[in-house]
Amino acid sequence: MQRRELLHSAALGALALSGGLAAAQSPSRNLRVLIPTGPGGITDTMQRATVPVVEKELGQTMVLDYKPGAAGIAAIQSGLSAPADGSTLIGVYTSLAFNPWTYSKLSYDTFKDLEMVSLLVNIPLVLAVGPAVPVKTIGELVAWGRANPGKLTIAASGLGGGSHLGGLLLSMTGGFDLTVVPYKGGAAALPDLLAGRVALMLDAYQTLRPHAESGRLTLLGVSSTKRQEFAPDLPPIADTLPGYSTASWQGVAVRAGTPAAEKERISRAYARAMRDPAIRANLISQGLEPVGSSPKEFTDILQTDYEKWGPVIRKAGLKND
């Protein structure tokens, strides 16, 4: 009898220990996601679209915390003040690769203080032309630009961003002069593009599509190296200018030192979200290319963009401070 009681007690103890470990390992805290832009933009809508699947996969409630400003630096600084335990995700975008070149001094080291988790979406930019220049194709644009030196202008959504650098690369690969005119976002540039006060604009398809459909703008090409589902008839600029490619991207990172298991767990959840048919259709309709990469894949992309754009930024002498 005594032996049976001891065995019973041991079994109960093992069961309790097992349950205790399961409770300790199951995530009970909220997952805070720092959004590097304000509400309502592409970053916000993309993150919101993924929430149902990511929450289900992780068993955690996601809390979106907006930290706009300074080319994503405000969100990064906030994230680096949080514990390195995977409870705080830092939303990052293409500026993460540019900032070490455009800022003389950053408060963080991009490659030592941050660790990538997942590249969520690519945002292939689309090149549009307004009424200022009578061209319908990239080939015609190159010919016109070379025949009219100093007359081509392109709107850029801020200095040192994807549209700005994409414009500089367009000039270099096309062999024509192109003056960059900075604006505070694509919406601010559109009136001048539509009125012909600026000739070209590289921006997200979602921004340009309504005006192309109304016939007020002509879409010349997409900045990715392949055609996109959101505009399958739009050719890559690289078909005419080999080697040309530029795209914005959105992803999530964490503070360095976060356990690898946490990064992998979160990465898998986002990858599952990006494979969800409803989420994919939603994002593609907005001109986005769903990805959902591994931490290593995202790290490699960041390093590649850092090395690719450094010479372009140096040649142009771009500085944000």
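As the structure is a computational prediction, the values presented were derived from the model and not from experiment.

Novice: Explain the overall build of the chain to me, please; I cannot follow it from the model alone.
Specialist: Broken down by element type, the chain carries 12 helices and 10 strands. Projecting the C-alpha coordinates of the chain onto the three principal axes gives extents of approximately 100 × 40 × 30 Å. Classification of the 321 residues of the chain by burial places 50% in the buried group. Only carbon and sulfur atoms are counted for the fraction: they give 55% of the accessible area of the chain, which is about 14,500 Å². Positive and negative side-chain charges in the chain, numbering 30 and 26 respectively, have mean positions lying 1 Å apart.

Novice: Please explain the environment of Thr 246 as it appears in this structure.
Specialist: On the secondary structure map, Thr 246 appears in the loop between strand 8 (218–222) and strand 9 (247–255). Under the relative-accessibility criterion, Thr 246 is labelled buried at 5%. Spatially, the C-alpha atom of Thr 246 lies 16 Å from that of Leu 219, the residues being 27 residues apart in sequence. Filtering out sequence-adjacent residues up to four positions away, Thr 246 remains in contact with Leu 125, Gly 162, Gly 166, Ser 223, Ser 224, Lys 308 and Trp 309.

Novice: Looking at this structure, how should I read helix 3 (residues 73–80)?
Specialist: Among the residues of helix 3, those classed as buried are Ile 73, Ala 75, Ile 76, Ser 78 and Gly 79. The inward-facing, buried residues of helix 3 contact strand 1 (31–35), strand 3 (88–93), helix 4 (95–102), strand 4 (114–129) and strand 9.

Novice: Would you mind going over unusual backbone geometry with me for this structure?
Specialist: Note: most peptide bonds trans; most residues except glycine with negative phi. Of note, the phi angle at Ala 70 is positive, near 55°, even though the residue is not glycine. You can see Ala 70 is positioned in the loop between strand 2 (62–66) and helix 3. Within the chain, Ala 71 stands out as a residue other than glycine whose phi angle is a positive 55°. With respect to the helices and strands, the residue Ala 71 is situated in the loop between strand 2 and helix 3.

Novice: Hey, could you run me through the packing of aromatic side chains in this one?
Specialist: In total, this model carries 5 aromatic pairs according to the counting rule given. When the centroid spacing of 6.1 Å and the interplanar angle of 80° are considered together, the rings of Phe 98 and Trp 309 count as edge-to-face. With Phe 98 in helix 4 and Trp 309 in helix 12 (residues 295–316), this residue pair connects regions lying 211 residues apart in the sequence. A single burial state applies to Phe 98 and to Trp 309, both of which are buried. When the ring of Phe 111 is compared with that of Tyr 306, the centres are 5.1 Å apart and the planes differ by 70°; the resulting orientation is edge-to-face. Of this pair, Phe 111 sits in helix 5 (residues 110–113) while Tyr 306 sits in helix 12, and the two are 195 residues apart along the sequence. Given the relative accessible area of 22%, Tyr 306 is considered partly exposed.

Novice: Got a minute to help me understand the environment of Phe 98 in this structure?
Specialist: Overall, Phe 98 belongs to the buried group, its relative accessible area being 2%. In this structure the C-alpha to C-alpha distance between Phe 98 and Gly 160, which are 62 residues apart in sequence, comes to 7.2 Å. The contact partners of Phe 98, leaving out residues within four places of it in the chain, are Gly 160, Gly 161, Gly 162, Leu 165, Trp 309 and Ile 313.

Novice: So what exactly am I meant to see when it comes to the packing of helix 10 (residues 260–275) against helix 11 (residues 277–285) here?
Specialist: Between two packed helices, what matters for the description is the angle formed by their axes and the separation of those axes. Across the interface, helix 10 lies against helix 11 with an axial gap of 5 Å and an inter-helix angle of 75°. One finds that helix 10 runs roughly perpendicular with respect to helix 11. Together, Ala 273, Met 274 and Arg 275 of helix 10 and Pro 277, Ile 279, Arg 280 and Leu 283 of helix 11 make up the contact between the two elements. When its residues are assigned to classes, the contact of helix 10 with helix 11 shows 5 nonpolar, no polar and 2 charged.

Novice: Whenever I open this one, the packing of helix 2 (residues 42–58) against helix 11 confuses me. Can you help?
Specialist: Two numbers describe how helix 2 lies on helix 11: the axes approach to 10 Å, and their chain directions differ by 175°. Here helix 11 runs roughly antiparallel to helix 2, going by the angle between their axes. Every residue of helix 11 that contacts helix 2 at Met 46, Ala 49, Thr 50 and Val 53 is listed here: Ile 279, Asn 282 and Leu 283. Taken together, the residues of the contact of helix 2 with helix 11 break down into 5 nonpolar, 2 polar and no charged.

Novice: Any chance you could explain the nonpolar core here in plain terms?
Specialist: By size, the foremost hydrophobic cluster in this structure holds 49 residues, and its most contacted members are Leu 127, Leu 170 and Leu 200. For this core, the element with the most residues is strand 4, which contributes 6 residues. Among the nonpolar cores identified, the runner-up in size contains 27 residues, and Val 51, Leu 89, Ala 273 and Ile 279 belong to it.

Novice: Could you clarify how one ought to interpret the layout of surface pockets in this entry?
Specialist: Unfilled space is identified by rolling a water-sized probe across the atoms. The computed volume of the largest pocket comes to approximately 940 Å³. As for the largest pocket, its lining consists of 39 residues, and the residues nearest its centre are Thr 37, Tyr 93, Ser 157, Gly 185 and Gln 250. Within the residue set of the lining of the largest pocket, elements represented by two or more residues are helix 2, helix 4, strand 4, helix 7 (162–174), helix 8 (186–195), strand 7 (200–204) and strand 9. Tallied by class, the residues present in the lining of the largest pocket amount to 16 nonpolar, 21 polar and 2 charged. Looking at the second largest pocket, its volume works out to about 390 Å³.

Rules used in this analysis
Residues numbered from 1 in each chain as written. Predicted model: local features only at pLDDT ≥ 70, side-chain atom pairs only at ≥ 80, totals over all residues. Heavy atoms only, no water. Helix = DSSP H or I, 4+ residues; strand = E, 2+ residues; numbered from the N terminus. Buried < 20%, exposed > 50% of the residue type's maximum accessible area, 1.4 Å probe, protein only. Areas by Shrake-Rupley, 256 points an atom, 1.4 Å probe, with all protein chains shown as cover. Lys, Arg positive; Asp, Glu negative; His and termini not counted. Charge placed at Lys NZ, Arg CZ, Asp CG, Glu CD. Contact = heavy atoms within 4.5 Å. Phe/Tyr/Trp six-rings, centres within 6.5 Å; stacked < 30°, edge-to-face > 60°. Axes fitted to C-alpha atoms, helices over the stretch in contact; angles between N-to-C directions. Parallel < 35°, antiparallel > 145°, perpendicular 65-115°, else oblique. Nonpolar A, V, L, I, M, F, W, Y, C, P; charged D, E, K, R; others polar. Core = buried A, V, L, I, M, F, W, Y, C linked by side-chain atoms within 4.5 Å. 1 Å grid on protein atoms, 1.4 Å probe; cavity = no way out; pocket = protein on both sides within 12 Å on 5 of 7 lines; lining within 4 Å. Points joined across faces, edges and corners; volume = space filled by probe spheres on them.

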